[in-house]
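Here's the letter readout for the chains.
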There are 2 protein chains.
Amino acid sequence: MPIRPAIAGDIPQILELIRNLAEYEKALHEVRASEKDLIDSLFCQNPQVFAHVATDDGQVVGVAIWYLNYSTWLGKHGIYLEDLFVLPQHRGSGHGFAMLRHLAQICLDRGYERLQWWVLDWNQPAINFYKSLGAIPMDEWTVYRATGDALEKMAAANSPANNP
Amino acid sequence: MPIRPAIAGDIPQILELIRNLAEYEKALHEVRASEKDLIDSLFCQNPQVFAHVATDDGQVVGVAIWYLNYSTWLGKHGIYLEDLFVLPQHRGSGHGFAMLRHLAQICLDRGYERLQWWVLDWNQPAINFYKSLGAIPMDEWTVYRATGDALEKMAAANSPANNP
């Protein structure tokens, strides 16, 4: 299961994989990333996001896109895996796990103590797989997101009265 | 509510705030970060984690520690707020919101479309506050974490049979 860092020539295939994953997550209409966006993000001078690809017979069949998170308790970075996807016709051959294993090894090599990612609650095959690896659901926590109008209102607003 | 980027001289106070927050989250025993860890992370040549502080009368009374996340759908970075904390005796004056507002403004200035953070499900005052700002709970998703033995087993293991 060869895994290697992505190169600029992989971008068209990586974007195709991103679109495939969004379709699986019923959100293809939300994909607005262009090839240029991905190149600018992944291959700029000091990238803050990274990609590895899984290949089969030289062809890109899977992608892992990740960045560094940070634990203030540990005072250390860790890896946050944003997207992990393998083409449906190439599943069951261990490509997904090979990418996870590669990232786990990067964590160990760098002294990072946490590899994290998030999972849709209805994606039971993925949940079973991740639990079988010993990953723990952080189910005491919920991620909140401000976007669009909320973000603009936050930036503009005066301090609301119910600030805890 | 003056907000400014943290400087190295703030580190002792920032570590104290991190310890205060961990205590509130009932996890003080998990804090292993040292002042050196924080300096190495925040003030290295290409930092991948950042801090802003809230001050009152020149004294640091709150901290926001954040890094860049990435949306493959948007092809853009966003901000992930890892820790937001204000000393209990300085709450209710808008310091927490001033830091959130500052980060929201950074998002708008840079064209980022998402500001995210996570919240303990029992922290109802915080949840009420964030919802009042228009933030949306991403409650279809759960974060999974591999650490310690699980991370080492992942790095070492052969591909398991139930790889989806």
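Placed above this text is the structure.
Figured I'd write up the structure that's included with this text. (Residues numbered from 1 in each chain as written. Chains lettered and ligands numbered in written order. Predicted model: local features only at pLDDT ≥ 70, side-chain atom pairs only at ≥ 80, totals over all residues. Heavy atoms only, no water.)

1. Brief notes about the pattern of salt bridges
And then number 1: Taken as a whole, this structure holds eight salt bridges over all chains when the rule is applied.
And then number 2: Between A:Asp40 and A:Lys36 there is a salt bridge; the shortest N-O distance is 2.6 Å. With a gap of four residues between them, A:Asp40 and A:Lys36 both fall in helix H2 (residues 35-42), about one helical turn apart.
And then number 3: Where salt bridges share partners, they join A:Arg32, B:Lys76 and B:Glu113 into one cluster. (Salt bridge = Lys/Arg side-chain N within 4 Å of Asp/Glu carboxyl O. Helix = DSSP H or I, 4+ residues; strand = E, 2+ residues; numbered from the N terminus.)

2. Some points on the interface of chain B and chain A
And then number 1: Taken together, the contact between chain B and chain A spans 90 residues of the former and 89 residues of the latter.
And then number 2: In this assembly, chain B packs against chain A so that about 8,500 Å² is buried in total across both faces, 59% of it on carbon and sulfur atoms.
And then number 3: Of all residues in chain B, the largest losses of buried area upon contact with chain A belong to B:Trp73, B:Tyr144 and B:Arg145, amounting jointly to 12% of the total for that side.
And then number 4: Summed over the shared surface of chain B and chain A, the number is two salt bridges.
And then number 5: Measuring nitrogen to oxygen at the nearest pair gives 2.6 Å for the salt bridge that ties A:Arg32 to B:Glu113.
And then number 6: Inspection of the region where chain B meets chain A yields 33 residue pairs in polar contact (both at pLDDT 80 or more).
And then number 7: Ranked by residues supplied to the side of chain B that touches chain A, first place goes to helix H3 (residues 95-110) of chain B with nine residues.
And then number 8: Its residues placed into classes, the side of chain B that touches chain A shows 49 nonpolar, 24 polar and 17 charged.
And then number 9: Bridge count between strand S6 (residues 136-137) of chain A and strand S7 (residues 141-147) of chain B: two bridges; the pairing is antiparallel. Bridged to A:Pro137 within S7(B) is B:Tyr144. (Contact = heavy atoms within 4.5 Å. Buried area = accessible area lost by both parts, 1.4 Å probe. Polar contact = N/O pair within 3.5 Å; in protein donor to acceptor, adjacent residues only side chain to side chain. Nonpolar A, V, L, I, M, F, W, Y, C, P; charged D, E, K, R; others polar. Pairing = 2+ DSSP bridges.)

3. Re the relation of the copies chain B and chain A
And then number 1: Mapping chain B onto chain A calls for a screw motion: a turn of 180° about the axis and a shift of 0.0 Å along it, with 0.0 Å RMSD after fitting. In the structure described here, the two chain copies are related by an operation that fits a two-fold rotation axis. (Least-squares fit on C-alpha atoms with pLDDT ≥ 70 in both.)

4. What about the pairing of strand S2 (residues 50-56) of chain B?
Residues and elements named next belong to chain B.
And then number 1: Buried residues dominate S2, accounting for five of its seven residues.
And then number 2: Here strand S1 (residues 3-5) runs beside S2; their pairing, made up of three bridges, is antiparallel. Considered in S2, the bridge of Pro5 is made with His52. (Buried < 20%, exposed > 50% of the residue type's maximum accessible area, 1.4 Å probe, protein only.)

5. Examining the nonpolar core
And then number 1: Formed by 60 residues in total, the largest nonpolar core has its most connected members in A:Ile14, A:Leu38, A:Ile65, B:Ile14, B:Leu38 and B:Ile65.
And then number 2: Setting aside its immediate chain neighbours within four residues, A:Ile14 contacts A:Ala6, A:Leu38, A:Val53, A:Val63 and A:Ile65. (Core = buried A, V, L, I, M, F, W, Y, C linked by side-chain atoms within 4.5 Å.)

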